[in-house]
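Architecture at a glance
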Amino acid sequence: MFVKHCMNSQFTLLGSAKYCMLASSAVIRRQQFLIRTLGGYTDQTHLKRMQQTKAMSGTAFEADSENILRAITPNLDPSKHKGQAGKIAVIGGCREYTGAPYFAAISALKIGADLSHVFCTKDAAAVIKSYSPELIVHPILEESYSIRDEDKPSISSKVLAEVNKWMERFDCLVVGPGLGRDPFLLDCVREIMKHARRSNVPIVIDGDGLFLVTDSLDLVSGYPLAVLTPNVNEYKRLVEKVLNCKVDDHDAHEQLLSLAKGIGSITILRKGKSDLISDGETVKSVSIYGSPRRCGGQGDILSGSVAVFLSWARQRLSAAEGDLPISKINPTVLGCIAGSALMRKAASLAFQNKKRSTLTSDIIECLGKSLEDICPAI
Ligand SMILES: NC(=O)C1=CN([C@@H]2O[C@H](COP(=O)(O)OP(=O)(O)OC[C@H]3O[C@@H](n4cnc5c(N)ncnc54)[C@H](O)[C@@H]3O)[C@@H](O)[C@H]2O)[C@@H](O)CC1
Ligand SMILES: Nc1ncnc2c1ncn2[C@@H]1O[C@H](COP(=O)(O)OP(=O)(O)OP(=O)(O)O)[C@@H](O)[C@H]1O
Ligand SMILES: [Mg+2]
């Protein structure tokens, strides 16, 4: 109303013979300032409200991530034995990428898992072992360049047998950080995933694992223990493949819901300014302030973290017999919320210390303190 009134006043004044005389007066300048300011404010506020309304449509809400972290993080109980706080395996690491599987696997340990394995190529294994003696590294994967065609079937069987003998012991697999895209290697990983699924082992799929899955959706379709953690590029490829359209940021929640539904009973964590999580039934967001640094490797921390929290959430829910406030939430969604919140808190803390020089290893060093601030160890 007030804006309209000001505009009318301006038209009256503009039409007036006295306009030239008054144009330089403070009154006119003040009126023009008000029109500009209020008009601009009104337009922008309206637009913002429209966007907010659209973003909030559907069932999306900010997750209560701190309480979820508290609810699923286990106590450090002296009666527990090694392995009960989680055994994670990362399938990744090739000639080009040794950092990504290391980041994912070491993050799992730093959060509180007891054992962290890496299944990678022979070339990558020695390098990954040299980063940390804490990781159990299996140099078993092969890329096409290092083997003859006629040896492929026997090598493939050997790779599978080696991973399969460990499979039942793992609480969660992380498939893809630094895996590369060699076709023979991806064929072996395809078989590993099928076996994990038959064994009911949860699978977090990231990086090149998403490249594989986008091409073979049947690997995860209908598997409720599958979690996809796409970044901006990986999400775009998934949306184009499954929904046959472009990414729509104005309808982000609805589109994510359709994507998770479209693939069938899986959970997706879409990484970005806010992380969005959906299992096809609900959408949750985690918008805790993180870091403005976008150095490579932060997604790898996230995938290792989600694997641990997902395992803890399943353990907690199975022990609690339905009497927890989180009982109604899918454990894969709980794992994603907790992993995302912790990663962002650690990134924020690392950035406070290191500013522009913040690197992924600095963030990993902040995982412990960030979790401690929410769930003290003692
Ligand atoms: N220090 C490290 O070892 C890191 C390794 N990373 C790994 O790097 C791989 C790629 O991840 P991004 O986040 O860059 O993925 P993106 O999908 O964002 O890829 C970046 C670009 O590189 C292209 N590209 C990637 N691999 C290719 C290949 N083999 N052949 C042809 N084009 C290829 C993509 O099409 C895209 O244009 C993943 O395995 C990821 O886990 C990242 O996690 C960052 C840290
Ligand atoms: N614009 C942003 N603002 C704040 N946090 C962000 C932003 N974009 C991504 N993140 C956070 O950074 C983490 C990694 O997301 P990113 O999109 O960088 O993954 P990625 O590309 O797979 O990383 P990687 O280099 O490990 O492969 C996520 O936990 C996400 O919450
Ligand atoms: Mg990534």
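Residues numbered from 1 in each chain as written. Chains lettered and ligands numbered in written order. Predicted model: local features only at pLDDT ≥ 70, side-chain atom pairs only at ≥ 80, totals over all residues. Heavy atoms only, no water.

Turning our attention to the site of ligand 2. Around ligand 2 lies a shell of 14 residues, among which K271, D275, G297, G299 and R344 are the nearest. K271 places a side-chain nitrogen or oxygen 2.6 Å from an oxygen atom of ligand 2. In isolation ligand 2 offers 620 Å² of accessible surface; the protein chains occlude 78% of this area. Mapped by element, the contributors of at least two residues to the shell around ligand 2 are α12 (298–320) and α13 (331–354). For the shell around ligand 2, the element with the most residues is α12, which contributes 4 residues. Partitioning the shell around ligand 2 into residue classes produces 2 nonpolar, 6 polar and 6 charged. (Near = heavy atom within 4 Å. Polar contact = N/O pair within 3.5 Å; in protein donor to acceptor, adjacent residues only side chain to side chain. Areas by Shrake-Rupley, 256 points an atom, 1.4 Å probe, with all protein chains shown as cover. Helix = DSSP H or I, 4+ residues; strand = E, 2+ residues; numbered from the N terminus. Nonpolar A, V, L, I, M, F, W, Y, C, P; charged D, E, K, R; others polar.)

To continue, consider the site of ligand 1. Of all residues adjacent to ligand 1, which total 15 residues, the nearest are G178, D208, N233, R237 and D300. D300 is positioned such that a nitrogen or oxygen atom in its side chain is 2.7 Å from an oxygen atom of ligand 1. Out of a free accessible area of 830 Å², ligand 1 has 57% covered by protein chains. Secondary structure elements with two or more residues in the shell around ligand 1: α5 (99–111) and α10 (232–242).

This paragraph deals with helix α4 (residues 65–72). All buried positions along α4 are accounted for by S65, I68, L69, A71 and I72. Taken around the axis of α4, the buried residues stretch over an arc of 165 degrees, which confines them to a single face. At its buried positions, α4 is contacted by α12, α13 and α14 (360–374). (Buried < 20%, exposed > 50% of the residue type's maximum accessible area, 1.4 Å probe, protein only. Arc of directions from axis to C-beta. Contact = heavy atoms within 4.5 Å.)

Okay, helix α8 (residues 183–198) next. In this model α8 runs 23 Å from its N-terminal to its C-terminal C-alpha over 16 residues, within 8% of the 22 Å that 1.5 Å per residue would give. Buried within α8 are the following residues: F184, L185, L186, C188, V189, I192, M193, H195 and A196. Where α8 starts, the residue carrying a side-chain oxygen 3.2 Å from the main-chain nitrogen of F184 turns out to be D182. Within two residues after α8, N200 carries a phi angle of roughly 65 degrees, on the positive side. (Expected span 1.5 Å × (residues − 1).)

What follows deals with the pattern of salt bridges. In a structure, side chains of opposite charge can pair up when their charged atoms sit close to one another. Evaluation of the coordinates by the stated rule reveals 19 salt bridges. Among the salt bridges present, the one from K152 reaches D149, with a minimum N-O distance of 3.1 Å. You can call K152 partly exposed: its relative accessible area is 22%. You can call D149 exposed: its relative accessible area is 58%. Residue E240 is joined to K236 by a salt bridge in which the shortest nitrogen-to-oxygen separation is 4.0 Å. With E240 and K236 both in helix α10 and 4 residues apart, this pair spans about one turn of that helix. According to the relative accessible area criterion, K236 is partly exposed, its value standing at 43%. One connected set of salt bridges, linked through shared partners, spans E66, R70 and K345. (Salt bridge = Lys/Arg side-chain N within 4 Å of Asp/Glu carboxyl O.)

Here we take up the packing of aromatic side chains. Under the defined criterion, the tally for this structure stands at 5 aromatic pairs. Measuring from ring centre to ring centre gives 5.9 Å for F119 and F170, while their planes differ by 80 degrees; the resulting arrangement is edge-to-face. Pair noted here: F119 is in strand β3 (residues 115–121) and F170 is in the loop between α7 (152–167) and β5 (172–175), with a separation of 51 residues, a long-range link. One exposure class covers both F119 and F170, and it is buried. Ring pairing ties together the aromatic residues Y102, F103 and Y131, which thus form one cluster. Sitting over the face of the ring of Y145, R95 holds its NZ or CZ atom 3.8 Å from the ring centroid. (Phe/Tyr/Trp six-rings, centres within 6.5 Å; stacked < 30°, edge-to-face > 60°. Lys NZ or Arg CZ within 6 Å of the ring centre and 35° of its normal.)

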